[in-house]
Amino acid sequence: MKSLQIETASLTYPIFIGEGIRKNAVELLSSLNLPMTKILLITDDEVDKHYGEELFNLLHSHWSVKKVTVPSGEQAKSIDMFMKLQTEAIQFHLDRSSCMIALGGGVIGDLAGFVAATFMRGIDYLQFPTTLLAHDSAVGGKVAINHQLGKNLVGAFHQPKAVIYDTGCLATLPDKEMRSGLAEVIKHAFIHDEAFLKDLFTIDSIVKITTEQLNDMIYKGVSIKAAIVSQDEREEGIRAYLNFGHTLGHAVEAEYGYGEMTHGDAVALGMQFALFVSEQVLNCPLDRKHIKNWLKKLGFPVKLKREVSTESLVNRMMSDKKTRGGIIQFVLLDQIGSVSLHSFKAEEIERWLNVWRMEEIE
Ligand SMILES: NC(=O)c1ccc[n+]([C@@H]2O[C@H](COP(=O)([O-])OP(=O)(O)OC[C@H]3O[C@@H](n4cnc5c(N)ncnc54)[C@H](O)[C@@H]3O)[C@@H](O)[C@H]2O)c1
């Protein structure tokens, strides 16, 4: 087992990473010395099939626990599920010394984290991530639900007390979800670590990723994210760099309809567009064709659906959290490992998006 300390301005907490470590949940949780008068264990119905009962039984032998499941998928990050979980917490008589545990991917982490951030003005929560993407979502304390007008628009900063990342859980993760997580790994490499990106370029198939490669990706991805959030917990500066690929990515997710395309596939499209704009504005010297072919080989989308209009995507970007006074913020790449934040008028983005879409058709 490896462990890392995440140090933010508001809290320092451990992240434990290792194969099979969920079975040591009792020892790991006990070592945190949290009051845990009661535990609300929150998971989704898919994850529950594989790991829900097992974790419930382990915890139940030591603490008073209730397990609640929500439907699997992005739709669970809704106000209805948020209220359902608040009701469960009240009916199970959680108090301010109780805690919530998120067992699942980014959806469960974001949803359960936001419920914990708001129940009685905030109680402890812990994450047991089960997806590759969660190497990103479980670190840094951003928790949120979606509004029908935009993703993650209702949320908070609420750091978990610990993250227990059993990489063995990835054995049951479907390939498309593995690819979704890989997009965030690639993002971390683009913005921070050229050698890591070169290693990733050697992967040409999702199904051929070895356990060793997976563990390395998670450890490096978490380390990069941890280094950034420790300097800027509330996204007042460099944390915004983590949004590389997300300005268009979030617009695509919302415009296609949540759950239609995975978060990672949308981010992969967003990164390709961000690389195009980086080339136009900063003369970023990357071989975009090579990157596009590599992403395509891995199964990522490389073009937008024809029926989705450029105008509607730009409108979505205008209601993004990062947009200020009608000016759209974009994270661009100067070169691998070096990013910067740029502001553009909607018309400029619309023009570039149109040119980029023409290029896709060639
Ligand atoms: N808070 C943050 O900093 C942050 C960062 C990045 C992404 N996110 C959010 O994360 C979410 C996406 O997370 P995700 O990709 O993990 O999606 P997810 O939580 O929906 O999981 C993907 C699918 O895989 C299933 N699943 C999860 N673990 C499994 C396992 N081990 N075996 C079998 N099936 C399993 C789930 O039931 C679901 O159907 C988005 O809502 C995104 O906004 C948050």
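Residues numbered from 1 in each chain as written. Predicted model: local features only at pLDDT ≥ 70, side-chain atom pairs only at ≥ 80, totals over all residues. Heavy atoms only, no water.

Would you explain the side chain of His 246 in this entry?
Mapped onto the secondary structure, His 246 falls in helix H9 (residues 246-256). If near-sequence neighbours (up to four positions away) are discounted, His 246 is found in contact with Glu 184, Lys 187, His 263 and Val 267. (Helix = DSSP H or I, 4+ residues; strand = E, 2+ residues; numbered from the N terminus. Contact = heavy atoms within 4.5 Å.)

Explain the packing of aromatic side chains to me, please; I cannot follow it from the model alone.
Each aromatic ring pair is summarised here by two numbers: the centre-to-centre distance and the angle between the ring planes. All told, the structure shown has eight aromatic pairs when counted by the stated rule. For the ring pair Phe 273 and Trp 356, a centre distance of 5.3 Å and an interplane angle of 50° mean the geometry is tilted. In this pair, Phe 273 sits in helix H10 (residues 263-282) while Trp 356 sits in helix H13 (residues 346-361), placing the two residues 83 residues apart along the sequence. There is no split in this pair, since Phe 273 and Trp 356 are both buried. Between the aromatic rings of Phe 344 and Trp 352, the centroid separation amounts to 5.3 Å while the plane-to-plane angle is 90°, which identifies the pairing as edge-to-face. Classification of Phe 344 as buried rests on a relative accessible area of 6%. With relative accessibility at 10%, the residue Trp 352 sits in the buried group. One aromatic cluster is present, formed by Phe 273, Phe 276, Phe 330, Phe 344, Trp 352 and Trp 356 through successive ring pairs. The ring of Tyr 219 carries the charged tip of Lys 2 above its face, separated from the ring centre by 4.2 Å. Above the face of the Trp 352 ring, Arg 351 is positioned so that its terminal group lies 5.4 Å from the ring centre. (Phe/Tyr/Trp six-rings, centres within 6.5 Å; stacked < 30°, edge-to-face > 60°. Buried < 20%, exposed > 50% of the residue type's maximum accessible area, 1.4 Å probe, protein only. Lys NZ or Arg CZ within 6 Å of the ring centre and 35° of its normal.)

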